[in-house]
Amino acid sequence: MLCLVRQADAVIIEVEVDSKAKGKQCLDKVCENLGIIESDYMGLQYVGPHSEHLWLNLRNQIRRQLPGPPPYRLQLRVKFFVPPHLILQDITRHYFYLDVRQAFIENRLRTSSTDQMCHLTALIVQTELGDLEESIGSAAALLQYPKYLPTNCLVNCSEDPDHPPQIRVRWRSGGSSDANSNNHNSVDEVISDPRDEEQQQISIETDRTAMVHLCQKVLKEHLLLRGTKNSATIYQFLKEASELEDFGMEQYFVKNRNGETLRIGVGPTGILIHDLNLHLKHK
């Protein structure tokens, strides 16, 4: 039975297991191929019938959990997060980095300030691109930085809460009827506080000037990291990320009995419940 396991860097691993194999056998083979001894931190996910990401139960047979015939498509993910000093292998630390980096870029790892966000971005840039070459120049570097910044970074890291940066939004098809009725005469509308709208309903085009300002901050941090080894930047990134509230959090959006949308985070520190303005409701 063939399983296609996708890594966080989009590389696919082909794993052949017995037709009655359990999830643990597949995970062990994947980790063996990658040289990961600390497999207890890892897990496998698959996409459920409602496009949700579900964890494969390692004690049950694979074919009893996944619909349809093989090959089965799975994702290798870190399931149990710990600070980097508890990780023994560099390869395990690398896969922690890939998962946490993805969470950071997808805005699932909130920072407390713009400076902290730019510093973490610079650590990613140093890891991915290495030293800033003088021959390339800062202008070329600035063009590469936005893809390493968190999504909606201008919204979540405003220095002045009374004057949040304006952003331009385009409503996606399939949004709420209220949203569509209020915006049917205009494709784009400028709003100053997007936190009242569900993130699933809008795609954000950030203000170019503000983005350049952020990238310049990242550039300064990147220059300070010149000569830092890849392993050192990965360790530092994980160390600082592990101190954030959202580190290792699986996030779910639900509605309470009053119809209020809440974000539930399940992670190493327990269960956190926030409203959409990210005000803590319960811990």
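Every chain begins its residue count from 1, and numbering advances along the sequence as written. Thresholds applied to this predicted model are a pLDDT of at least 70 for local features of residues and 80 or more for the giving and counting of side-chain atom pairs; totals over whole chains, interfaces and linings are not thresholded and use all residues. Only hydrogens and water are set aside; all other atoms, that is, all heavy atoms of the structure, feed into the side-chain values.

The name an unreviewed UniProt entry assigns to the chain is E3 ubiquitin-protein ligase MYLIP, from the organism Trichonephila inaurata madagascariensis.

### What about the sheet that holds strand 2 (residues 12–16)?
Test applied: One bridge is not enough; two strands pair if DSSP finds at least two bridges between them. Helix and strand labels come from DSSP, where a helix needs a run of H or I of at least four residues and a strand needs a run of E of at least two; each type is numbered from the N terminus. Only the stretch in contact is used when a helix axis is fitted, and all axes are lines through C-alpha atoms; the angle between N-to-C directions ranges over 0 to 180 degrees. Should any heavy atoms of two residues lie within 4.5 Å, those residues are counted as being in contact.
In space, the five strands of this open sheet follow the order 2-1-5-3-4, with mixed pairing throughout. Both outer strands of the open sheet, strand 2 and strand 4 (53–55), are each paired with one neighbouring strand and no more. Neighbour-to-neighbour, the strand axes of this sheet turn through a mean angle of 35°, independent of strand direction. Pairing of strand 1 (residues 2–6) with strand 5 (residues 72–78), which is carried by four bridges, proceeds in the parallel orientation. Bridging from a neighbouring strand, Leu 4 pairs with Arg 73 of strand 5. Where helix 1 (residues 23–34) meets the sheet, its contacts fall on strand 1, strand 2, strand 3 (42–47) and strand 5, and the angle it forms with strand 2 comes to roughly 125°. Packed onto the sheet, helix 2 (residues 90–105) meets strand 3 and strand 5 and runs at close to 100° relative to strand 5.

### Side note on the confidence of the model for the chain
Applied cut-off: Note: pLDDT gives the predictor's confidence per residue, expressed from 0 to 100.
Per-residue confidence for the chain gives a mean pLDDT of 78; residues scoring 70 or more make up 75%. For the chain, per-element mean pLDDT is lowest for strand 6 (residues 167–171), which scores 35, and highest for helix 8 (residues 230–241), which scores 95. This stretch, residues 156–206, has a pLDDT under 50; its non-local contacts, to residues over four places away or in other chains, come to 74 contacts.

### Quick word on the pattern of salt bridges
Opposite charge on two side chains permits pairing when their charged atoms draw close. Spelled out, the test is: Salt-bridge detection follows one rule: a side-chain nitrogen of Lys or Arg within 4 Å of a carboxyl oxygen of Asp or Glu.
All chains considered together, the criterion is met by nine salt bridges. A salt bridge links Glu 106 to Arg 108, with the shortest nitrogen-to-oxygen separation between them at 2.9 Å. Measuring nitrogen to oxygen at the nearest pair gives 3.3 Å for the salt bridge that ties Asp 115 to Lys 217. With Asp 115 in helix 3 (residues 114–129) and Lys 217 in helix 7 (residues 208–224), this pair connects stretches of sequence that are 102 residues apart.

### A few points about the state of the cysteines
The following threshold applies: By convention in this document, the label disulfide applies to cysteine sulfur atom pairs within 2.5 Å.
For the structure on display, the rule yields zero disulfides. Here Cys 31 stays unpaired: no disulfide links it, and the sulfur of Cys 26, its closest cysteine neighbor, is 9.5 Å away.

### Looking at the pairing of strand 5
Under the convention used in this document: Three exposure classes are used, based on accessible area relative to the maximum for each residue type with a 1.4 Å probe and protein chains only: buried under 20%, partly exposed in between, and exposed over 50%.
Counting buried positions along strand 5 gives five out of seven residues, so the element sits mostly inside the fold. With four bridges connecting them, strand 3 and strand 5 associate as antiparallel partners. The residue of strand 5 that forms the bridge with Gly 43 is Arg 77.

### Re the packing of helix 2 against helix 8
Formally: Angle categories: roughly parallel below 35 degrees, roughly antiparallel above 145, roughly perpendicular from 65 to 115, and oblique for all the rest. Should the near helix be turned anticlockwise from the far one by less than a right angle, the crossing is termed left-handed; should it be turned clockwise, right-handed.
Direction vectors running N to C along helix 2 and helix 8 enclose 55°, while the axes themselves pass 10 Å from each other. The angle between helix 2 and helix 8 falls in the class oblique. Crossing of helix 2 against helix 8: the hand is left-handed. Side by side, helix 2 and helix 8 meet where Arg 93, His 94, Phe 96, Tyr 97, Val 100, Arg 101 and Phe 104 of the first sit next to Ile 234, Tyr 235, Phe 237, Leu 238 and Ala 241 of the second.

### Section: the pairing of strand 2
Covered by surrounding structure in strand 2 are Ile 13 and Val 15 only, the residues Ile 12, Glu 14 and Glu 16 on the alternate face being uncovered. Taken together, the five bridges between strand 1 and strand 2 define a ladder with antiparallel strand orientation. Directly across from Cys 3, in strand 2, lies its bridge partner Val 15. Between strand 1 and strand 2, which pair antiparallel in sequence order, lie five residues; one of them, Ala 10, sits at a positive phi of approximately 75°.

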